[in-house]
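# A closer look at the structure
Residue-level listing of the chains:
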Amino acid sequence: MTFTAPPRTAAWRHLDARDGFEVTYFRPSDDGLLIEGCTTAVEEGQTWIVGYSIELDASWTTRSARITGRSASGTRHTVLEADGAGHWRVDDTPAPHLDGCLDVDLESSAMTNAFPAHRMGLRAGEKSAAPAAYVRATDLAVERLEQDYVRVADEGSRQRYDYSAPVFDFACRLVYDESGLVLDYPEIAVRVA
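These lines cover the structure that appears in this document, whether it is placed above or below. If you're wondering where the values come from, they're calculated on a predicted model, not measured in any experiment.

## Describing the overall build of the protein chain
- Within the protein chain one finds 1 helix and 17 strands.
- For the protein chain, the C-alpha radius of gyration of 16 Å lies close to 16 Å, the compact-globule estimate for 193 residues.
- By principal-axis analysis of the C-alpha atoms, the protein chain measures approximately 45 × 35 × 35 Å.
- When each of the 193 residues of the protein chain is scored for burial, the buried share is 49%.
- Here the contacts in the protein chain between residues at least 6 apart in sequence split such that 42% fall between residues at least 24 apart.

Structure below.
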């Protein structure tokens, strides 16, 4: 089962790990999809805002991400550019530690977990590694994040994946809607629109 086109907009309420909200807008582009959004949150007593503009190609592989973060310590900007074959530049500097990553994953965003599910096209029972260029919420530091997705049996029209990120000792079951956006991200966020 493939996903339908994303809606024009979607929103998530962030839970447990932080108190916040994320709103995203989707717009088809000539080569794929442009996604613009913003997350605002309070985490461990600190407030922050992360705004983003992410360009994906037709296969949902990240081609660029322009990210702005704001907190009490000031405003930061970072730009990630990818060639679609797993090579990246961060703020116009080669980033070999990200070699092999095809997705950007924003710590502040539930939406970016849609990218691997769309791109990989797994069938029930199949597993795939999906390392990502992981951008931290508070300082926009860019790290490599090793993560795995295992597609399990669908629940009606909803695809489900067992997700794990060993570096955080975190695993959960992600549930996606018909357009491939996360509905339930346990301990992180829930879709509200």
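## A few points about the sheet that holds strand β9 (residues 103-106)
- Reading across the sheet, the 3 strands line up as β9-β11-β12 and stay open at both edges, with mixed pairing between neighbours. With partners counted over all chains shown, the strands left at the sheet margins are β9 and β12 (142-145), one partner each. The average undirected angle you get between the axes of adjacent strands in this sheet is 35°.
- Pairing geometry for β9 and strand β11 (residues 132-135), over 4 bridges, is parallel. Its bridge partner lying in β11, Leu 106 is registered against Val 135.

## Things to note about the pattern of salt bridges
- With the rule as written, the count across this model stands at 11 salt bridges.
- For the salt bridge of Glu 143 with Arg 136, the shortest nitrogen-to-oxygen distance reads 3.2 Å.
- Its relative accessible area of 29% is what places Glu 143 among the partly exposed residues.
- Taken together, the salt bridges that share partners define one network made up of Glu 107, Arg 136 and Glu 143.

## Re the side chain of His 14
- Here His 14 lies in strand β1 (residues 9-14).
- Polar side-chain contacts of His 14 include one of 3.2 Å to the side chain of Arg 18.
- Not counting residues within four places of it along the chain, the set of residues in contact with His 14 comprises Asp 19, Gly 20, Phe 21, Glu 22, Thr 39, Ser 108, Ser 109, Ala 110, Ile 188 and Ala 189.

## A look at the layout of surface pockets
- Of the pockets and cavities examined, the largest pocket occupies roughly 340 Å³.
- Around the largest pocket, the lining is made up of 20 residues, and of these Glu 107, Tyr 134, Phe 168, Tyr 185 and Ile 188 lie nearest the centre.
- Elements represented by at least two residues in the lining of the largest pocket include exactly β9 and β14 (158-165).

## Digging into the packing of aromatic side chains
- Under the defined criterion, the tally for this structure stands at 9 aromatic pairs.
- Measuring from centroid to centroid gives 6.3 Å for Tyr 149 and Tyr 161, while their planes differ by 80°, and the two rings are edge-to-face. Placement of Tyr 149 in strand β13 (residues 148-155) and of Tyr 161 in strand β14 is noted, with a sequence separation of 12 residues between them. Grouping residues by exposure puts Tyr 149 and Tyr 161 together as buried.
- Through successive ring pairs, a cluster of aromatic residues spans Phe 3, Tyr 149, Tyr 161, Tyr 163, Phe 170, Tyr 176 and Tyr 185.

## Overview of the pairing of β14
- Judged from the 6 bridges that link them, β13 and β14 form a sheet pairing that is antiparallel. Residue pairing for β14: Val 150 is matched across the bridge by Asp 162.
- Counted along the chain from β13 to the antiparallel partner β14, the turn is 2 residues long, and its residue Gly 156 has a positive phi close to 65°.
- Where β14 lies against strand β15 (residues 170-176), 7 bridges are found, and the strand directions are antiparallel. Note that in β15 the partner of Tyr 161 across the bridge is Leu 174.
- The hairpin formed by β14 and β15 contains 4 residues between the paired strands, and Asp 169 there has a positive phi angle of roughly 50°.

## Here's the deal with unusual backbone geometry
- A positive phi is found at Trp 60, a non-glycine position, where the angle reads about 70°.
- Mapped onto the elements of the fold, Trp 60 is located in the loop between β4 (46-57) and β5 (62-71).
- Under the relative-accessibility criterion, Trp 60 is labelled buried at 12%.

Cut-offs and rules
- Residues numbered from 1 in each chain as written.
- Predicted model: local features only at pLDDT ≥ 70, side-chain atom pairs only at ≥ 80, totals over all residues.
- Heavy atoms only, no water.
- Helix = DSSP H or I, 4+ residues; strand = E, 2+ residues; numbered from the N terminus.
- Rg over C-alpha atoms; globule rule 2.2 N^0.38 Å.
- Buried < 20%, exposed > 50% of the residue type's maximum accessible area, 1.4 Å probe, protein only.
- Contact = heavy atoms within 4.5 Å.
- Pairing = 2+ DSSP bridges.
- Axes fitted to C-alpha atoms, helices over the stretch in contact; angles between N-to-C directions.
- Salt bridge = Lys/Arg side-chain N within 4 Å of Asp/Glu carboxyl O.
- Polar contact = N/O pair within 3.5 Å; in protein donor to acceptor, adjacent residues only side chain to side chain.
- 1 Å grid on protein atoms, 1.4 Å probe; cavity = no way out; pocket = protein on both sides within 12 Å on 5 of 7 lines; lining within 4 Å.
- Points joined across faces, edges and corners; volume = space filled by probe spheres on them.
- Phe/Tyr/Trp six-rings, centres within 6.5 Å; stacked < 30°, edge-to-face > 60°.

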